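# Close look at the chain arrangement
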Amino acid sequence: GQFRADVNILLCGDPGTSKSQLLQYVHRLMPRGQYTSGKGSSATGLTAYITKDPETKQLTLQTGALVLSDNGVCCIDEFDKMMDGDRTAIHEVMEQQTVSIAKAGIMTSLNARVSILAAANPAFGRYNPKRSVEANIQLPAALLSRFDLLWVIQDKPDAENDLRLAQHITYVHQHSVQPPTQVQPLDMKVMSRYIAMAKEKTPAIPDGLTDYIVMAYVEMRKEARSSSDTTFTSARTLLAVLRLSTALARLRMSDMVEKEDVNEAMRLMEMSKFSLFEDSGEKRFVKPIDSIYAIIRDLAAGKSFVKAEEARQRIIQKGFKPEQFQHCLNEYERLDVWQLNTARTRITFVN
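Nothing here was measured: the structure is a model prediction, and the numbers come from that model.

### A few points about the overall build of the protein
- Along its length, the protein carries 15 helices and 12 strands.
- Overall, the protein is about 85 × 55 × 40 Å in size when its C-alpha atoms are taken along their principal axes.
- For the protein, buried positions account for 39% of its 351 residues.
- A fraction of 68% describes how many contacts in the protein between residues 6 or more apart in sequence connect residues 24 or more apart.
- When the accessible area of the protein is evaluated, it comes to approximately 20400 Å², of which 55% is carbon and sulfur surface.
- Looking at the protein, you have 44 positive and 42 negative side-chain charges, and the mean spots of the two groups are 2 Å apart.

Here you go:
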């Protein structure tokens, strides 16, 4: 069968976290795309509709935003404000990437090979970490599973960030220009051309990586069964890992997906889940070093040793940094919980 190659992303965040600004920027940056707002969009406006030509009196088919964004990005703001009936029109586009029409004697199927970047507010105005994901983001599960990444952007009080943001806003308000920065930002035209070139690449997944991806997916399914508060892990999750890995290979202008791309795709998915649960209950006080130790211990289940490289890759998949892994190795070696061989390639537990 044919699988879609375009990545769909949903940003769900508190008011005032620059979601609309981000969508507007992506719309301006992409060589092809449409920007639309949820409240002002109907099912026909997004897909296609029939009109009567005033001169010939013949029925004509007019395409909507999703079809016009073919091979580009469609940015949908205020996604949660859309009517349920209008939102269901997106289901087919998000998975099959076509728009099927059967109206007024016109029966056809239009291409809509589009990436959807949607922004929504939580159901209660602000994201409440004490409630479940479903209660906060009141969108149907069938729709949520079609998004490859789901990011929660919370507006948390942070003295340093608040000061930097306030200084930035007041400077722009006074001078109508961006404040001077240490780094030189990339020109939008250069980025647009680079993206257009990257989209022409079609990286392949080598045979050697297939088993690695399959085992990683099986592990994710096992974790989803054992933990109660994880988003639903299905075959779509596996497809999302493949899509993100391919996209990362495209960014490198490579014709082949590498193991690091798969690890980064898994890390992105893990971090998007972490953004949903980072404030919930017991996870709040767990130090990274303790979480890393727990992962290595689970990896060793029933064995007395673990390969250091295998452990490192699993840790990176879980969203931790290589430095944190090294710190954990050194700390628990000092505590005599495990020992490493001279080449530091094997972790042996001390019974």
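### Digging into the pattern of salt bridges
- Across all of its chains, the model carries 18 salt bridges by this definition.
- As a salt-bridge pair, Asp 255 and Lys 201 come within 3.6 Å of each other at their nearest N and O atoms. Residue Asp 255 is found in the loop between helix H11 (235-251) and helix H12 (259-277), and its partner Lys 201 is found in the loop between helix H9 (188-199) and helix H10 (207-226); the two are separated by 54 residues along the sequence.
- For Lys 201, a relative accessible area of 23% corresponds to the partly exposed category.
- The network of salt bridges with shared partners includes Arg 4, Glu 95, Asp 148, Arg 236 and Arg 243.

### Considerations on the packing of helix H13 (residues 288-299) against helix H14 (residues 308-317)
- Remark: H13 packs on H14, axes separated minimally by 10 Å, with the N-to-C direction vectors making an angle of 130 degrees. Considering their axes alone, H13 and H14 lie oblique with respect to each other. The two elements H13 and H14 meet at a crossing, and its hand is right-handed. On H14, the residues that touch Ile 292, Ile 295, Ile 296 and Leu 299 of H13 are Glu 310, Ala 311, Arg 314 and Ile 315.
- Per-class residue counts for the contact of H13 with H14 are six nonpolar, no polar and two charged.

### Thoughts on the sheet that holds strand S5 (residues 73-77)
- The sheet built from five strands is open, its strands ordered S2-S5-S8-S1-S9 with parallel pairing. The sheet is open, and its two edges are formed by strand S2 (33-37) and strand S9 (149-153), each paired on a single side. Taking the axes of each pair of neighbouring strands and ignoring which way they run, one obtains an average angle of 15 degrees across the sheet.
- Pairing of strand S1 (residues 9-13) with S9, which is carried by five bridges, proceeds in the parallel orientation. Note that in S9 the partner of Cys 12 across the bridge is Val 152.
- Against the sheet, helix H1 (residues 19-29) makes contact with S1, S2, S5, strand S8 (115-120) and S9, and its axis sits at roughly 160 degrees relative to S5, the strand it touches most.

### Observations concerning the packing of H1 against H9
- Running from N to C, H1 and H9 point in directions that differ by 70 degrees, and their axes come no closer than 9 Å. Relative to H9, the element H1 lies roughly perpendicular. Taking contact as the criterion, the partners of Tyr 25, Arg 28 and Leu 29 in H1 are, on H9, Met 188, Met 191, Ser 192 and Ile 195.
- A class-by-class count of the residues in the contact of H1 with H9 yields five nonpolar, one polar and one charged.

### As for H1
- For H1, the full list of buried residues reads Lys 19, Leu 23, Val 26 and Leu 29. Along the axis of H1, the buried residues cluster in a sector spanning 130 degrees; they form a single face. Set apart from the buried face of H1 by more than 90 degrees, the exposed residues are Gln 21 and Arg 28.
- Considering only its buried residues, H1 is in contact with S1, S2, S5, S8, S9 and H9.

### A few points about the nonpolar core
- With 32 residues, the main nonpolar core has Leu 10, Leu 66, Phe 79, Ile 90, Ile 116 and Phe 147 as its most contacted residues.
- If you list the elements that add at least two residues to this core, you get S1, helix H3 (65-68), S5, helix H5 (89-95), strand S6 (98-103), S8, helix H7 (141-144) and S9.
- Ignoring sequence-local partners within four residues, the contact set of Leu 10 consists of Phe 79, Ala 118, Ala 119, Ala 120, Leu 139, Leu 144, Phe 147, Leu 149, Leu 150 and Trp 151.
- Formed by 20 residues, the second largest nonpolar core is a distinct cluster that contains Ala 300, Val 306, Leu 340 and Phe 349.

### Considerations on the pairing of S1
- Of all the five residues making up S1, four are buried; the element is thus mostly covered by neighbouring parts of the structure.
- With four bridges connecting them, S1 and S8 associate as parallel partners. Directly across from Cys 12, in S8, lies its bridge partner Ala 120.

### Structural notes on a negative patch on the surface
- On the surface, a cluster of negative charge is contributed by Asp 155, Asp 158, Glu 160 and Asp 162.
- Relative to the assigned elements, Glu 160 resides in helix H8 (residues 159-175).
- Classification of Glu 160 by relative accessible area gives exposed; the value is 60%.

### Focus: the side chain of Lys 19
- Counting through the fold element by element, Lys 19 comes out in helix H1.
- Buried and unpaired, Lys 19 has no salt bridge, with Asp 77 as the nearest side chain of opposite charge at 6.6 Å.
- Beyond its immediate stretch of four places on either side in the chain, Lys 19 contacts Leu 11, Cys 12, Gly 13, Asp 14, Ala 119, Ala 120, Asn 121 and Ile 153.

Cut-offs and rules
Throughout this document, residue positions are counted from 1 along each chain, in the order its sequence is written. Residue-level local features of this predicted model are given only where pLDDT is at least 70; pairs of side-chain atoms are given and counted only at 80 or more, and the full residue set underlies all totals for whole chains, interfaces and linings. Calculation of side-chain values draws on the structure's entire complement of heavy atoms; hydrogens and water are dropped beforehand. In DSSP terms, a helix is any run of H or I states spanning at least four residues, a strand is any run of E spanning at least two, and both are numbered starting from the N terminus. A 1.4 Å probe rolled over the protein chains alone gives each residue an accessible area, and that area as a share of the maximum for its type sets the label: buried under 20%, exposed over 50%, partly exposed in between. Contacts are residue-level and defined by heavy atoms, with any inter-residue pair within 4.5 Å sufficient. Every accessible area reported is derived by Shrake-Rupley at a probe size of 1.4 Å, with residue values counting cover from the shown protein chains alone. When charges are counted, Lys and Arg are positive and Asp and Glu negative, with His and the chain ends excluded. Charge coordinates come from a single atom per side chain, which is NZ of Lys, CZ of Arg, CG of Asp or CD of Glu. Here, a salt bridge means any side-chain nitrogen of Lys or Arg that lies within 4 Å of a carboxyl oxygen of Asp or Glu. Throughout, an axis means a line fitted to C-alpha atoms (over the contacting stretch in the case of helices), and angles, computed between N-to-C directions, take values from 0 to 180 degrees. Roughly parallel means an angle under 35 degrees; roughly antiparallel means over 145; roughly perpendicular covers 65 to 115; every other angle is labelled oblique. Should the near helix be turned anticlockwise from the far one by less than a right angle, the crossing is termed left-handed; should it be turned clockwise, right-handed. Note on residue classes: Ala, Val, Leu, Ile, Met, Phe, Trp, Tyr, Cys and Pro are nonpolar, Asp, Glu, Lys and Arg are charged, and everything else, Gly too, is polar. Paired strands, as defined in this entry, are two strands with at least two bridges between them according to DSSP. This arc is built from the directions going out from the helix axis to the C-beta atoms. We define a nonpolar core as any set of buried Ala, Val, Leu, Ile, Met, Phe, Trp, Tyr and Cys residues linked to one another through side-chain atoms lying within 4.5 Å. Exposure above 30% relative accessible area and the lack of any salt bridge qualify a residue for a patch; like charges then connect within 9 Å, and the nonpolar side chains Val, Leu, Ile, Met, Phe, Trp and Tyr within 5 Å.

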